[in-house]
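Per-entry structural report
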Amino acid sequence: MTEDQFALKLFPVYRYFVTVWLRNNTPEVLRQILEMSFITNSPVPQMQLHTIFTELHVQVCSRDPTQQRFSSQNLAEIVHCFIALARSYPKELMQFFLSQMEMSKEAVRVGTLALIGTVVSTDEPRMSIRTISLAIQVVKNTLSDTWSKVRMAMLRIIGQLALSGFQDRIKGWGLKYVSVQLTFSTYKLGFWGRVLCCIMETDYTEALTPICGGLTNLAENQLHAKDEQANASKSRHVDLPAPQKLLARLLHPLQGCSDPGNPRSSA
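From a predicted model like this one, the values you see are computed outputs, not experimental measurements. (Residues numbered from 1 in each chain as written. Predicted model: local features only at pLDDT ≥ 70, side-chain atom pairs only at ≥ 80, totals over all residues. Heavy atoms only, no water.)

**Comments concerning the overall build of the protein**
Within the protein one finds 13 helices and 0 strands. Starting at the N terminus, the α and β elements of the protein follow one another as α-α-α-α-α-α-α-α-α-α-α-α-α. Looking at the protein as a whole, 39% of its 267 residues qualify as buried. Long-range contacts, defined here as pairs at least 24 residues apart, represent 66% of the contacts in the protein between residues at least 6 apart. Surface accessibility of the protein: about 15,600 Å² in total, with carbon and sulfur atoms responsible for 55%. (Helix = DSSP H or I, 4+ residues; strand = E, 2+ residues; numbered from the N terminus. Buried < 20%, exposed > 50% of the residue type's maximum accessible area, 1.4 Å probe, protein only. Contact = heavy atoms within 4.5 Å. Areas by Shrake-Rupley, 256 points an atom, 1.4 Å probe, with all protein chains shown as cover.)

If you want it as structure tokens, here you go:
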């Protein structure tokens, strides 16, 4: 049997999977097909990729209760399928993710970012740097999103990229994004300390606590001195900025100075 003859017999099987099986509530089969497709260098027909992306993606991002129950039971398998797809079809998958991020629904964006996070944090040795680069481009196109859950998902991805060894790819925009989010945060500083430790140089992470304390003391002293000069006979209560806001103000002028060789970075 020639390759063309074999393809003619195999194509109806693919067609069945993407038109019938993917719409059925069964947890088996697809990941093995994707793995074997990669191993044997037998790509899924391009015309079927979008259908596979869509059918799997909706199970992660749908608000429909039935779909959510289904996706919760099979989430691990779906995630492995997306990892396999990212390995074999990085350009097509990231283009699909980008189109989903352009949708106005917060749940869709958060679910998409969660899937991107699994791709960038996987220890799959066959995941290419090109895939990671394309994933980062999708994330960077979302930096202006104001949804609170989207912003938290973005911070998780930045942390995942750092922990996965891609600090050099997030030093500029990643540190800037974290510092901006500090100014909006109502969370305890401890959360931000962990995020900042992921993307700052190791030699400087221990300085976070004394920096915050020093900034608070400095603000207290300056406001106290100004208050005494303005009215020595009266006292007034002053609402000091939160430590994370003080740290954010410190980080802003240092955005371009993360290079240890830069004399300003040690200021």
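**What to know about helix H6 (residues 106–121)**
Taking 1.5 Å as the rise per residue, H6 with 16 residues should run 22 Å; its terminal C-alpha atoms sit 22 Å apart, in good agreement. Listed as buried for H6 are Glu106, Val108, Arg109, Gly111, Thr112, Leu113, Leu115, Ile116, Gly117, Val119 and Val120. (Expected span 1.5 Å × (residues − 1).)

**Details of the nonpolar core**
Leu56, Phe82, Leu85, Phe97, Leu113, Ile116 and Leu161 are the most contacted members of the largest nonpolar core, which has 50 residues in total. Residue contributions to this core peak at 9 residues, all from helix H8 (residues 148–163). In this structure isoleucine 116 touches Phe97, Ala135, Val138, Val139 and Ile157, once residues within four positions along its chain are discounted. (Core = buried A, V, L, I, M, F, W, Y, C linked by side-chain atoms within 4.5 Å.)

**Some remarks on the side chain of arginine 109**
Its place among the elements puts arginine 109 in helix H6. Setting aside its immediate chain neighbours within four residues, arginine 109 contacts Gln100, Met101, Glu102, Met103, Ser104, Asp145, Trp147 and Val150.

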